[in-house]
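Here's the letter readout for the chains.
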Amino acid sequence: MSNSVETAVQLADLSATTLLRFATAGSVDDGKSTLVGRLLHDSKSVLTDQLEAVEAASLKRGQEAPDLALLTDGLRAEREQGITIDVAYRYFATPRRRFILADTPGHVQYTRNMVTGASTADLAVVLVDARNGVIEQTRRHAAVAALLRVPHVVLAVNKMDLVAYEEKVFAKIAEEFTAYASELGVPEITAIPISALAGDNVVEPSANMDWYGGPTVLEHLETVPVSHDLTSCHARLPVQYVIRPQTAELPDYRGYAGQIAAGTFRVGEPVTVLPSGRTSRIAGIDLLGESVDIAWTPQSVTLLLEDDIDISRGDLIVPSGDAPATTQDVEATVCHVADQPLTVGQRVLLKHTTRTVKAIVKEIPSRLTLDDLSQHPDPGQLVANDIGRVKVRTAEPLALDSYADSRRTGSFLLIDPADGTTLAAGMAGESFATHKVLNTVEDEAGWDF
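Here the residue numbering is sequential within each chain, running from 1 through the sequence in written order. A pLDDT threshold of at least 70 governs which residues receive local features in this predicted model, and a stricter bar of 80 or more applies before side-chain atom pairs are shown or counted, although totals over entire chains, interfaces and linings include all residues. The side-chain numbers reported here are obtained from all heavy atoms of the structure, hydrogens and water having been left aside.

A.B. asks: Where do I start with the packing of aromatic side chains in this structure?
C.D. replies: What characterises a pair of aromatic rings is the spacing of the ring centres plus the angle enclosed by the ring planes. Aromatic pairs are defined between Phe, Tyr and Trp rings, using the six-membered ring for Trp, whenever the two ring centres lie within 6.5 Å; interplanar angles under 30 degrees are classed as stacked, those over 60 as edge-to-face, and all others as tilted. Scanning the model with the defined rule gives five aromatic pairs in all. Centroid distance F22 to F92: 6.5 Å. Interplanar angle 85°. Geometry classified as edge-to-face. Here F22 is found in strand β1 (residues 18-26), whereas its partner F92 is found in strand β2 (residues 88-93), with 70 residues between them in sequence. Classification of F22 as buried rests on a relative accessible area of 2%. The rule is simple: take the accessible area with a 1.4 Å probe, protein chains only, and divide by the maximum for that residue type; under 20% is buried, over 50% is exposed, in between is partly exposed. When its relative accessible area of 6% is taken as the criterion, F92 is described as buried. Considering the side-chain rings of F92 and F99, the 4.7 Å spacing of their centres and the 20° angle between planes classify their relative orientation as stacked. For the pair F92 and F99, a shared accessibility class is recorded, and that class is buried. Through a chain of ring-to-ring contacts, three or more aromatic side chains come together here, namely F22, F92 and F99. Numbering of helices and strands runs from the N terminus; a helix is a DSSP stretch of H or I covering at least four residues, while a strand is a stretch of E covering at least two.

Rendered as structure tokens:
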């Protein structure tokens, strides 16, 4: 078989496998980068020159064995400090599945970066040092995973070799974490005892923990059910661009282009354009230069409507029988990611899908206390890494779904209008925590829209 034919066959095989997006999180020195490095190394996903570079760097630091953490700690500051700072993305594949891995920072200063890594993840791997057990940062990572509606969470109890591979140590940590994550509403939790440094239960089963009969980390990643079928969700098309060629061949062509965020659209279907509320029917769907009768997420398409309607970038096309309500009052849970605080009365921009509108923070009813999942009322502001509830008033109506119904159309960003800095990542609707009665006073002062 020629090289070109062999490559084509391999690509065809890969295209037939499913894709899993997963993120790793853990406190500093829990061995997160070592786990990722071990996963890449033992699954034969490391190129020879990469491994040689790691071996050379390890020898330079006086280490006899290669430090596999260096496979992911790519920034110079990360290598010098021995910590992960930025989100490192890695792509690899096995015969059973393709993977996009987001290795997120563990230090509390960089917790906000986990929001970036986990926002599109199907699964989160949360590491715990077996000697330390569940700590505040572990709870924070579990809370972020729950807020972002990550459907699968793996608790990797690492450094089992340093606690003599004791089953009771693992069982205690697994029980505590499972109880906490379940209270947050995490739907599925799988606990796995590992030693990333020694390779126990990462890719190969451990001979040191015969009391454990579950899957290795890689085996679980390869077999966990992943559903990317968003075609049954509420159909939503955020308009990105209006196409009007006005050529001799296409003098009257008017198409509304964008990527379908969720659901399915069909020719002849009645649709509503939000926020205007105007209605029409789909006259045609163009996909990759061809006319089709049906299109679904995540295809990028151009919709043609039977009526000429004033539609522009930022509008949302939805089925008329399944249109979300529009509102100027947004209540949501946010993860604050900026260095500058978010305060009541602050003017911001709110970006939802392709639409960006002016807004004002009317109220910050509560900040989440991770120790007992209580809500601290009226904090006045949110600072970096805080998780809290906000009420925002927008200058124009928005069509938001609940984040629990759609991670794509239920999420938004709050942006500083002065310099474009992202202030917070928001999830519309109810949060995971049970709300306590808050003694808050409605603040009507300031700007009104």
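A.B. asks: What is the right way to look at the packing of helix α6 (residues 136-147) against helix α7 (residues 167-184) in this model?
C.D. replies: Packed helices, taken two at a time, are described by the angle between their axes plus the distance between the axes. Across the interface, α6 lies against α7 with an axial gap of 9 Å and an inter-helix angle of 35°. The hand of the α6/α7 crossing is right-handed. Each of T138, R139, A142, A143 and A146 in α6 lies in contact with α7, whose residues at this interface are F177, Y180 and L184. Geometry is summarised by axes, namely lines fitted to C-alpha atoms with helices restricted to the contacting stretch, and by angles between N-to-C directions that run from 0 to 180 degrees. When the near helix sits turned anticlockwise from the far one by under a right angle, the crossing is termed left-handed; a clockwise turn instead gives a right-handed crossing. The contact criterion used is simple: two residues touch if any of their non-hydrogen atoms lie within 4.5 Å.

A.B. asks: Would you mind going over the sheet that holds β2 with me for this structure?
C.D. replies: By way of backbone hydrogen bonds, the strands of a sheet pair with one another, either parallel or antiparallel. If DSSP finds at least two bridges between two strands, the strands pair. Taken in spatial order, the six strands make up an open sheet running β2-β3-β1-β4-β5-β6, and their pairing is mixed. Sheet topology places β2 and β6 (188-193) at the edges, where each strand pairs with a single neighbour. Between one strand and the next, the sheet's axes are offset by a mean angle of 20°, whatever the strand orientation. Looking at chain direction, strand β5 (residues 152-158) and β6 are connected through six bridges and run parallel.

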